[in-house]
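Architecture and fold: a report
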Amino acid sequence: MVKVIVAMDLSDVPIVDSETEIYTVLSKNNKKWANDHKGVGIQFIKMPAYIKVGDKVVNTFVQKALKIKDNYNDMLRFVYFSHLVSYYISQRKFDLVVFENQYLCEKVLMQFNNSERYQDQVEIL
C-alpha cells in the first residue's frame, strides 16, 4: 500500500514505514524529524522569500488593524503549501492520503480534481 502524509508540522506524525511518502514544509523542526526517521521519503517544500515577507505583512495587518489573533497566521504559507501538494498528489496515485488536519485536507482535495481521485482514501491524523 502506497500512502502519503501531508503535514505542515511533523511533530504529531507517527512512526511511518519506508513505503510512505511525506510532503511537508522545509523547517528546522521538520528537518530534525526527518533526520530521526531515516529511510522515509520526505519531500520538503521550501517557502519563497515573497511568501515569507507577504505573511509578515498580512499577519501584522490582521493582528494590529483587525485585532484578530491566531486564526489567520501565515495564510500565504498555507495556501502556497496546499497548492503545491495538491498538484503533486494529482500527478501520482496513492492508496491512502493522510492529512494533518481537516482544513488542510479540504484545501488540498478541492484542487486538481483530487476530491474525486481520493474520494474514499483519506484519513486525518
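Figured I'd write up the structure that's included with this text.

The rules behind these values
Residues numbered from 1 in each chain as written. Predicted model: local features only at pLDDT ≥ 70, side-chain atom pairs only at ≥ 80, totals over all residues. Heavy atoms only, no water. Pairing = 2+ DSSP bridges. Helix = DSSP H or I, 4+ residues; strand = E, 2+ residues; numbered from the N terminus. Axes fitted to C-alpha atoms, helices over the stretch in contact; angles between N-to-C directions. 1 Å grid on protein atoms, 1.4 Å probe; cavity = no way out; pocket = protein on both sides within 12 Å on 5 of 7 lines; lining within 4 Å. Points joined across faces, edges and corners; volume = space filled by probe spheres on them. Nonpolar A, V, L, I, M, F, W, Y, C, P; charged D, E, K, R; others polar. Phe/Tyr/Trp six-rings, centres within 6.5 Å; stacked < 30°, edge-to-face > 60°. Lys NZ or Arg CZ within 6 Å of the ring centre and 35° of its normal. Salt bridge = Lys/Arg side-chain N within 4 Å of Asp/Glu carboxyl O. Buried < 20%, exposed > 50% of the residue type's maximum accessible area, 1.4 Å probe, protein only.

1. Some remarks on the sheet that holds strand β4 (residues 96-99)
What links the strands of a sheet is backbone hydrogen bonding, and the strands pair in either a parallel or an antiparallel sense. Across the sheet, which stays open at both edges, the five strands sit in the order β3-β2-β1-β4-β5 with parallel pairing between neighbours. Of all strands in the sheet, those bounded by a partner on one side alone are β3 (41-45) and β5 (122-124). Averaged over all pairs of adjacent strands, the angle between strand axes in this sheet comes to 20°, irrespective of strand direction. Bridge count for strand β2 (residues 20-25) against β3 is five bridges, and the pairing is parallel.

2. Details of the layout of surface pockets
Space inside the second largest pocket adds up to approximately 170 Å³. In terms of residue count, the dominant contributor to the lining of the second largest pocket is helix α2 (residues 49-65) (five residues). Of the residues belonging to the lining of the second largest pocket, the class tally is three nonpolar, one polar and six charged.

3. Some details on the packing of aromatic side chains
Applying the stated criterion to the full structure yields four aromatic pairs. Ring geometry for Phe 78 versus Tyr 103: centroids 4.9 Å apart, planes at 10°, classification stacked. With Phe 78 in helix α3 (residues 75-90) and Tyr 103 in helix α4 (residues 102-109), the pair connects residues that are 25 residues apart, well separated along the chain. Here the aromatic residues Tyr 23, Tyr 87, Tyr 88 and Phe 112 are joined through ring pairs into a cluster of three or more. Directly above the ring of Phe 44 sits Lys 31, whose terminal nitrogen or CZ lies 5.9 Å from the centroid.

4. Things to note about the pattern of salt bridges
Applying the stated criterion across every chain, the model contains two salt bridges. Here Glu 21 and Arg 92 are joined by a salt bridge, their closest N and O atoms 2.2 Å apart. In this pair, Glu 21 sits in strand β2 while Arg 92 sits in the loop between α3 and β4, placing the two residues 71 residues apart along the sequence. You can call Glu 21 buried: its relative accessible area is 16%.

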